[in-house]
Amino acid sequence: MRKYMDNELLLNARKPEGELGSKLIDNMNKNHENLAKWSVSHFNISKDDIILDIGCGGGINVERFIKMTDNKVYGLDYSELACERSEKLNQKTIDDGRCEIIQGTVSDMPFEDNYFDIVTGFETVYFWPDFINDLKEVRRVLKENGILLIANEAQPIEDDERQKEFIELLDANIYSRDELNKFLKEAGFSKITFYNKESKDSFTGDYANWICVISQK
Ligand SMILES: C[S@@+](CC[C@H](N)C(=O)[O-])C[C@H]1O[C@@H](n2cnc3c(N)ncnc32)[C@H](O)[C@@H]1O
C-alpha cells in the first residue's frame with residue numbers, strides 16, 4: 001500500500017500549526033484549487049453577496065470570493081496559523097475593509113443571525129466536532145434562502161486501507177451522500193442538491209470521488 005503522505009504533515013490538516021502546518025497550507029492553497037473551482041461552478045454568486053468560508057485554511061478561497069462579489073468576504077478558522085496565513089494573503093482587501101479573517105470555531109461563531117448569503121466549507125467538515133449542531137449554527141448565520149456549499153474530495157470507500165489510515169490518524173469523519181442528506185435535513189436545510197466528480201486525490205493522485213452538496217436555509 002502506498003503511504004498516504006507524510007503522517008506528521010498530514011496531521012496538520014485538522015488544525016495547521018508550526019512549520020509543517022505552514023507547509024501543508026502551501027500545499028492546500030495549490031492543490032485544492034480544482035475542487036474549489038468545480039464546486040463553486042454549481043451556483044451563482046451575485047455582486048452583493050456576503051460570503052463566509054469556514055475552515056478557510058490559507059485563505060485562497062477567500063481571495064477567490066473577493067473577486068466574485070463587491071460585498072464583504074469573511075474567513076473563519078480555529079487555527080491561529082491558518083488565520084495568520086489567510087490574513088497575509090488577503091492583507092490588501094482587509095485594509096480596504098472588504099475582508100475579515102476571524103479565529104474561531106464553527107460550533108459557536110461570532111456572527112449575528114441571518115447575516116450571510118453564502119457559507120462554504122471546503123475539505124473541512126471531516127473535522128467539525130458536532131456535525132448536526134454545527135450545521136444548525138451555520139444555518140443560524142445564513143439569511144433566509146441563503147446557500148451552504150460543502151465540498152469534499154473524499155467519500156467513504158469500503159475496505160480502503162489508505163482512507164482508514166486517514167480517518168484513524170486525523171480522527172476524521174468521512175460522510176456519504178446519504179449521511180450528508182440526512183444531517184442537512186435534520187439541521188433544517190432544504191433544496192439539497194448533490195454533484196459528483198470522479199477525479200483524483202489532490203495529494204496522492206489516487207482515484208477519488210469528489211462530492212459537492214449545495215443546500216438552502
Ligand atoms: C484540510 S484544511 C482545508 C482548508 C481550506 N478550506 C482548503 O480547502 O484549502 C481544514 C481546515 O479546517 C479548519 N477547521 C477544522 N475544524 C474546524 C472547526 N471546528 N472550526 C473552524 N475551523 C476548523 C482547520 O484548521 C483547517 O484549516
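All right, on to the overall build of the protein then. Within the protein one finds 9 helices and 7 strands. For the protein, the C-alpha atoms occupy an extent of roughly 50 × 40 × 30 Å along the three principal directions. Out of the 217 residues in the protein, the part that is buried amounts to 40%. Intrachain contacts of the protein at a sequence separation of at least 6 include 68% that bridge at least 24 residues.

Turning to the nonpolar core, a few remarks are in order. Counting 52 residues, the largest nonpolar core has Val119 and Leu148 as its most contacted members. In this view, Val119 contacts Leu52, Ile54, Val138, Val141, Leu142 and Leu148; residues no more than four positions away in its chain are not counted.

All right, on to unusual backbone geometry then. Backbone geometry places Glu123, a non-glycine residue, at a positive phi of 55°. Checked against the element boundaries, Glu123 lands in the loop between strand E4 (116-122) and helix H7 (131-141). One non-glycine residue, Asp159, adopts positive backbone phi at about 55°. Tracing the backbone through its elements, the reader meets Asp159 in the loop between strand E5 (142-152) and helix H8 (161-170). Look at Asp159 and you get exposed, because 6 C-beta atoms sit within 10 Å.

Close contact between H7 and helix H9 (residues 177-186) brings their axes to 9 Å; oriented N to C, the two are set at 55°. In terms of their interaxial angle, H7 and H9 are classed as oblique. Between H7 and H9 lies a crossing of right-handed hand. Contact residues: Phe131, Ile132 and Leu135 in H7; Phe183, Leu184 and Glu186 in H9. Its residues assigned to classes, the contact of H7 with H9 comprises 5 nonpolar, no polar and 1 charged.

Mapped onto the elements of the fold, Asn196 is located in strand E6 (residues 190-200). For Asn196, a count of 12 C-beta atoms within 10 Å translates into the label exposed. Taking C-alpha positions, Asn196 is 27 Å from Lys143, a pair spaced 53 residues apart along the chain. Each residue touching Asn196, except ones within four places of it in the same chain, is listed here: Asn209, Trp210 and Ile211.

Our focus in this paragraph is the pairing of E5. Of all 11 residues in E5, 8 are buried, a share of seventy percent or more. As paired strands, E4 and E5 are joined by 6 bridges and run parallel to one another. Each bridged residue has a counterpart across the sheet, and for Val119 the counterpart in E5 is Leu148. Regarding topology, H7 serves as the crossover connection from E4 to the parallel E5, and that connection is right-handed. Examined bridge by bridge, E5 and strand E7 (residues 207-216) share 6 bridges and lie antiparallel to one another. Bridge pairing in E7 links Leu149 to Ile214.

Take the sheet that holds strand E2 (residues 73-77) next. Strand order in the open sheet formed by 7 strands is E3-E2-E1-E4-E5-E7-E6, and the pairing between neighbours is mixed. On the outer flanks of this sheet lie strand E3 (99-103) and E6, each paired with one strand and no other. Mean inter-strand twist for the sheet, computed between neighbouring axes without regard to direction, equals 15°. Along the sheet, helix H3 (residues 33-40) contacts E4, E5, E6 and E7; its crossing angle with E5, the most-contacted strand, is approximately 140°. Where helix H5 (residues 80-89) meets the sheet, its contacts fall on E2 and E3, and the angle it forms with E3 comes to roughly 170°.

Cut-offs used in this document
- Residues numbered from 1 in each chain as written.
- Predicted model: local features only at pLDDT ≥ 70, side-chain atom pairs only at ≥ 80, totals over all residues.
- Helix = DSSP H or I, 4+ residues; strand = E, 2+ residues; numbered from the N terminus.
- Buried ≥ 20, exposed ≤ 12 C-beta atoms within 10 Å, placed from the backbone.
- Contact = placed C-beta atoms within 7 Å.
- Core = buried A, V, L, I, M, F, W, Y, C linked by C-beta atoms within 7 Å.
- Axes fitted to C-alpha atoms, helices over the stretch in contact; angles between N-to-C directions.
- Parallel < 35°, antiparallel > 145°, perpendicular 65-115°, else oblique.
- Left-handed = near helix turned anticlockwise from the far one by under 90°.
- Nonpolar A, V, L, I, M, F, W, Y, C, P; charged D, E, K, R; others polar.
- Pairing = 2+ DSSP bridges.
- Right-handed = clockwise from strand over helix to strand, strands pointing away.

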